[in-house]
Amino acid sequence: MKKTYLVLADGSVFPGESVGADADSIGELVFTTNTCGYLETLTDPSYAGQIVLQTFPQIGDYGVIPADFEGKTAVKGYVVHEICDHPSNFRSEGRLRDWLAAQGIPAIAGVDTRAITRRIRQQGVMNAKICREVPADLKEIQEYAIVGAVNRVTRSEPEVFPAKGEKRFSVALVDYGVKNHIIRGLTKRGCEVTVMPATSTAAEILALHPDGIMLSNGPGDPAENLFCIEQIRQMLGRVPLFGICLGHQLTALAVGGKTEKMKFGHRGANQPVKDLVTGRTWVTSQNHGYAVVSDSLPAGTVRFVNANDGSCEGVDYPELNAFTTQFHPEACAGPRDAGFLFDRFTSMMGGN
């Protein structure tokens, strides 16, 4: 057993066992309430710059399954109560702790994740450090900030994914940190998907003559992505557009709205979202620490709200032939209740 520590920016110290890379790491400490899907969490680029804490007590039960990975591994660290060293799954290719070490991800087990989660819920998201020795000075932890995250996780070159079966539409997907299941959600509906780097200009994206544009999820503070916001502003109203998570926030900023940092965000597969048009409530998968300020929008109509705290979960822009959602309709791992939103997007591209 290698002793290690989780040190929070408020000075709290939680000793535990190192179950990952033998290294120190500072990040923004966030928690996710998923009971499964730890592989998807660890490979979700939206966690760039963050140390992720799992509230579910035992993690690693089904080992490591590369086919379930969602994208580029960008987490700064990992916190669990207990890690399973004897996984049982016919698809498993190894133990989670070995994979964490191979990926260079510091991780800690044996800590009271309930107490840490309670502290975050009470005080709000804070920085933390996974370290082999408790630092005498907290300044480095307290001053840490996530900057330039989108450029770190986006592709460097365009990549094309063919439609499954007959091609019906061509979609340009802007990669701010896209999850693989978003691409699959489109290709299985007959879309040929060209994934474009976040550094692409509006002119380069529109030059593809897509039937529709999708804006992906991604990490960090949406308001710092001034280049991306301007490109969206130039594309709105040109072809049908669908934004998810960070894409939702960037679209709101592009029309002149505002975003704000939440106290501890929404991360997990059990977030209830109410459709203000139908009155129906959906259980959704989410991963975000920022939200669109509903009453700041000069255009569009709020369509979805979080049933717990009333925060903005989706906006319709009928005048711009666009709509966006804060939650993830592809939701892997998680509920698939909101998969109909992909159908809504393809219907818009078909002129309906």
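Structure: above.
These numbers were taken from a predicted model, which means no experiment stands behind them.

Q: For the packing of aromatic side chains, give the residues involved together with the corresponding values.
A: For the coordinates displayed, the defined rule picks out eight aromatic pairs. Both rings, one in Phe242 and one in Phe323, keep their centres 4.3 Å apart while their planes meet at 20 degrees; by these two values the pair is stacked. Highlighted residues: Phe242 in strand β14 (residues 241-244) and Phe323 in strand β19 (residues 322-325), separated in sequence by 81 residues. Accessibility classification places Phe242 together with Phe323 in one group, the buried group. Among the aromatic residues, those joined into a ring-pair cluster are Phe242, Phe323, Phe342 and Phe345. Between the NZ or CZ atom of Arg344 and the centre of the ring of Phe323, over which it lies, the distance is 4.1 Å.

Q: Account for the pattern of salt bridges, naming residues and giving values.
A: In a structure, side chains of opposite charge can pair up when their charged atoms sit close to one another. Evaluated as defined, the whole model comprises 21 salt bridges. Each of Glu17, Asp85, Arg95, Arg97 and Asp98 takes part in salt bridges that share partners, so that together they form one network.

Q: Please set out the pairing of strand β16 (residues 281-292) residue by residue, giving values where relevant.
A: Taken residue by residue, a regular strand's side chains alternate between the two faces of the sheet. β16 sits mainly inside the fold: ten of its twelve residues count as buried. Bridging between strand β15 (residues 259-275) and β16 involves ten bridges; their strand directions are antiparallel. The residue of β16 that forms the bridge with His266 is His288. Connecting β15 to the antiparallel partner β16 that follows it, the hairpin turn spans five residues, and Gly279 within it adopts a positive phi of roughly 80 degrees.

Q: Any details on the layout of surface pockets? Residues and values, ideally.
A: By volume, the largest pocket is sized at about 340 Å³. Lining the largest pocket we find 27 residues, and of these Glu28, Gln50, Ile146, Gly220 and Tyr290 sit closest to its centre. Every element with two or more residues in the lining of the largest pocket is listed here: β3 (25-32), β9 (126-131), α9 (246-254), β15 and β16. It is β15 that contributes the most residues to the lining of the largest pocket, five residues altogether. Put simply, the second largest pocket is a space of about 250 Å³. Along the walls of the second largest pocket sit 15 residues, with Arg121, Phe264, Gly265, His266 and Gln271 positioned nearest its centre. Secondary-structure elements contributing two or more residues to the lining of the second largest pocket are α3 (113-123) and β15.

Criteria and cut-off values
Residues numbered from 1 in each chain as written. Predicted model: local features only at pLDDT ≥ 70, side-chain atom pairs only at ≥ 80, totals over all residues. Heavy atoms only, no water. Phe/Tyr/Trp six-rings, centres within 6.5 Å; stacked < 30°, edge-to-face > 60°. Helix = DSSP H or I, 4+ residues; strand = E, 2+ residues; numbered from the N terminus. Buried < 20%, exposed > 50% of the residue type's maximum accessible area, 1.4 Å probe, protein only. Lys NZ or Arg CZ within 6 Å of the ring centre and 35° of its normal. Salt bridge = Lys/Arg side-chain N within 4 Å of Asp/Glu carboxyl O. Pairing = 2+ DSSP bridges. 1 Å grid on protein atoms, 1.4 Å probe; cavity = no way out; pocket = protein on both sides within 12 Å on 5 of 7 lines; lining within 4 Å. Points joined across faces, edges and corners; volume = space filled by probe spheres on them.

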